[in-house]
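Observations on the model geometry
Residue strings, one per chain:
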Amino acid sequence: MSARALWVLGIFIALVMLLAVGLTLNPREVPSPLVGKAAPPFELPLLRDPDKTFTTKERLGSVWLLNVWASWCVSCREEHPVLLELAKTGAVPVYGLNYKDRREDGLRWLAAYGDPYHLSVVDPQGRIGIDYGVYGVPETYVIDKRGVIRYKQIGPVTREVLAQKILPLVGQLSRE
Amino acid sequence: MNRLFWVLLVVPFLAGRGLADNQPDLDQRVAAIAAELRCLVCQNQSIAESNADLAVDLRRQIREQLKEGRSERDVLDFMVQRYGDFVLYRPPLKASTFLLWGGPFLLLVLGIFLLARKIRSVRRPAPQLSEAERARAAALLGTGKE
């Protein structure tokens with residue numbers, strides 16, 4: 001084979017590899033700059049009891065999940081059974097952030113599909129959502145004992161993600 | 001009665017003028033920042049162009065922060081802290097974005113190099129054949145001896 005043909009073949013293979021990697025990446029998964037940083041603190045009223053509030057400070061010292069959900073969010077229904085199963089095992093408490101939703105809609109949704117949350121807080125204006133860099137609901141954050149975000153799941157939590165990423169990480173963080 | 005009518009007619013315009021004095025300036029600043037930010041929900045639009053819920057919220061956020069007297073730089077930093085460099089249409093130059101900024105220039109240099117090589121090879125004078133080679137070529141081509 002001539003040097004020229006080798007060159008062309010080499011360039012072709014490089015291009016194929018570039019496209020094979022580039023076109024299979026998911027452009028919706030933007031790496032969050034918040035992973036490895038302290039979870040933005042908040043104090044928000046509870047969904048079930050607006051007179052009471054929850055603050056992130058209460059969770060210091062234990063590992064927990066923050067799941068951003070809404071009654072209008074279609075993919076949230078997809079992940080809901082997974083969260084219900086997780087809640088049943090009690091491996092890690094899941095706290096809900098009811099995002100840009102109406103209270104009655106959120107409550108009705110939980111009544112209809114089950115409530116996997118230790119508790120849910122409401123963020124009707126989506127302000128805390130902005131602090132957490134939420135752009136596609138559902139999103140789930142794994143927060144460690146020191147209050148640092150260690151993992152962010154964009155989009156629904158699937159059984160694979162739970163088994164392969166979230167639960168092993170929670171186990172490791174609990175031992176830290 | 002008549003006078004009251006005129007007063008009522010004119011007052012809204014005066015009020016409007018008062019507002020107009022500082023609004024357009026703020027609007028322009030909000031729009032300028034919004035045009036620099038990528039909407040993460042509909043990724044091929046800027047926050048200024050998009051009507052997605054999140055874009056509307058972020059435009060409101062920009063407006064509030066500017067009203068509070070923060071600078072353009074502060075607002076952009078606020079967004080980057082939450083959504084990463086990806087939200088900026090003009091991300092800063094660092095190791096992870098080097099290929100993005102430098103890539104076109106690398107390709108340009110590569111192109112110039114290849115072009116120069118090509119031009120040089122075209123210009124190179126045809127090789128001179130020795131007497132023996134000439135004879136062999138003639139024999140192979142069957143044109144006989146000169």
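Please read all numbers here as calculations on a predicted model, not as lab measurements. (Residues numbered from 1 in each chain as written. Chains lettered and ligands numbered in written order. Predicted model: local features only at pLDDT ≥ 70, side-chain atom pairs only at ≥ 80, totals over all residues.)

Further remarks concern the sheet that holds strand E3 (residues 64-69) of chain A. Picture the strands of a sheet paired through backbone hydrogen bonds; they go either parallel or antiparallel. All names here are of chain A. Pairing in this open sheet of 5 strands is mixed, and the strands run E5-E4-E3-E6-E7 from one edge to the other. Strands with a single pairing partner mark the edges of an open sheet, and in this sheet they are strand E5 (119-123) and strand E7 (149-154). Direction aside, neighbouring strands of the sheet carry axes that sit 20 degrees apart on average. Taken together, the 5 bridges between strand E6 (residues 139-143) and E7 define a ladder with antiparallel strand orientation. By the bridge assignment for E7, Tyr141 is matched with Lys152. (Pairing = 2+ DSSP bridges. Helix = DSSP H or I, 4+ residues; strand = E, 2+ residues; numbered from the N terminus. Axes fitted to C-alpha atoms, helices over the stretch in contact; angles between N-to-C directions.)

Let us now look at the pairing of E6 of chain A. In the case of a regular strand, side chains alternate between the two sheet surfaces. Residue and element names in this part refer to chain A. Of all 5 residues that make up E6, 5 are buried, and the element is covered over most of its length. The two faces of E6 match: Glu139, Tyr141 and Ile143 on one face and Thr140 and Val142 on the other face are all buried. As defined by bridge partners, E3 adjoins E6 across 5 bridges and the pair is classed as antiparallel. Looking across to E6, one finds that Val68 is bridged to Glu139. From the end of E6 to the start of E7, which pair antiparallel, there are 5 residues, and Gly147 there has a positive phi angle of about 85 degrees. (Buried ≥ 20, exposed ≤ 12 C-beta atoms within 10 Å, placed from the backbone.)

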